[in-house]
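Listed here are the chains, written in short residue letters.
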Amino acid sequence: LLLEDKGHALAMHFRRAPQLSAAVRDAVNAACQQVGSDFAVQAGKCVFELRPAACTKGTSIHAFMQEPPFVNRLPIYIGDDLTDEHAFAIVNKVGGISIKVGDDHGTMARHRLPGVRQVLRWLESIPSPVAVFAR
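Reading the values: the criteria
- Residues numbered from 1 in each chain as written.
- Predicted model: local features only at pLDDT ≥ 70, side-chain atom pairs only at ≥ 80, totals over all residues.
- Heavy atoms only, no water.
- Buried < 20%, exposed > 50% of the residue type's maximum accessible area, 1.4 Å probe, protein only.
- Helix = DSSP H or I, 4+ residues; strand = E, 2+ residues; numbered from the N terminus.
- Pairing = 2+ DSSP bridges.
- Axes fitted to C-alpha atoms, helices over the stretch in contact; angles between N-to-C directions.
- Disulfide = S-S within 2.5 Å.
- Right-handed = clockwise from strand over helix to strand, strands pointing away.
- Patch = residues over 30% accessible without salt bridge, like charges linked within 9 Å, V, L, I, M, F, W, Y side chains within 5 Å.
- Areas by Shrake-Rupley, 256 points an atom, 1.4 Å probe, with all protein chains shown as cover.
- Salt bridge = Lys/Arg side-chain N within 4 Å of Asp/Glu carboxyl O.

J.: Account for the pairing of strand β4 (residues 47-52), with residues named and values stated.
T.: Counted residue by residue, β4 has six buried out of six residues, so it is predominantly covered. Two elements, strand β2 (residues 10-13) and β4, share four bridges in a ladder whose sense is antiparallel. Residue pairing in the sheet places A11 in a bridge with E49 of β4. In this structure, strand β3 (residues 39-44) lies alongside β4, joined through six bridges in antiparallel fashion. Within β4, the residue paired with F39 across the bridge is P52. If you look at the hairpin formed by β3 and β4, you'll find two residues sitting between the two strands, and C46 has a positive phi there, around 55°.

Spelled out as structure tokens, the structure:
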């Protein structure tokens, strides 16, 4: 197991011990009950995270989009985990591009790429801002 201190959150990773999934879930849920309703448990790929209840990747994207230089920009969000779903929803709401990488499970992302290689190819295909403005 790997305990990751994220500053305002803790994540317990169990990728190397998937048989401990239920025990990790139970331990993180118990910790959440002890710290109170200001915190929530977020499940992900081989991880359970204890995070502030009011903060998700979606609330972070929303906050960024209110600040220069992001105001009136097109957000592009690429993710591969359950923890990315909140961000996909916000990016979709503001007309951005949301891309789920990997598996065929349901997602709020409007686009899908099968893996990292395809993400890199897609990113390389985007014209640089310099080339766009030079036309």
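Now that the structure has been shown, we can carry on.
J.: Can you lay out the sheet that holds strand β7 (residues 111-113) for me, pointing to particular residues and giving the numbers?
T.: With respect to topology, three strands assemble into an open sheet ordered β5-β6-β7, the strand pairing being parallel. Each of the sheet's edge strands pairs with one partner strand only, and the pair in question is β5 (76-79) and β7. Strand-to-strand twist of the sheet, defined as the mean angle between neighbouring strand axes without regard to direction, takes the value 25°. Across four bridges, β5 lies against strand β6 (residues 97-101) in parallel orientation. Bridging across to β6, I76 finds its partner in I97.

J.: Got a sec to walk through the state of the cysteines? Specific residues and values, please.
T.: Counting across every chain of the model gives zero disulfides. Just so you know, C32 is unpaired, no disulfide at all, and the nearest cysteine sulfur is the one on C55, 13 Å from it.

J.: Would you mind going over the pairing of β6 in detail, with residue names and values included?
T.: Extensive coverage of β6 is indicated by the burial of four of its five residues. For the crossover that starts at β5, traverses helix α3 (residues 85-93) and ends in the parallel β6, the hand is right-handed. For β6 and β7, the ladder comprises three bridges, and the chain directions are parallel. The residue bridging V101 from the neighbouring strand is L113, located in β7.

J.: I'd like a rundown of a nonpolar patch on the surface, residues and numbers included.
T.: A cluster of nonpolar side chains, namely L74, I76, I78, V116, L120, L123 and I126, defines an oily patch on the protein surface of about 600 Å² accessible area. Those elements that place two or more of their residues in the nonpolar patch are β5 and α4 (116-125). Broken down by element, the nonpolar patch gets its largest block of residues, three residues, from α4. As for its position among the elements, I78 is in strand β5.

It is worth stressing that arrangement in space is one thing and function is another; only the former is reported here.
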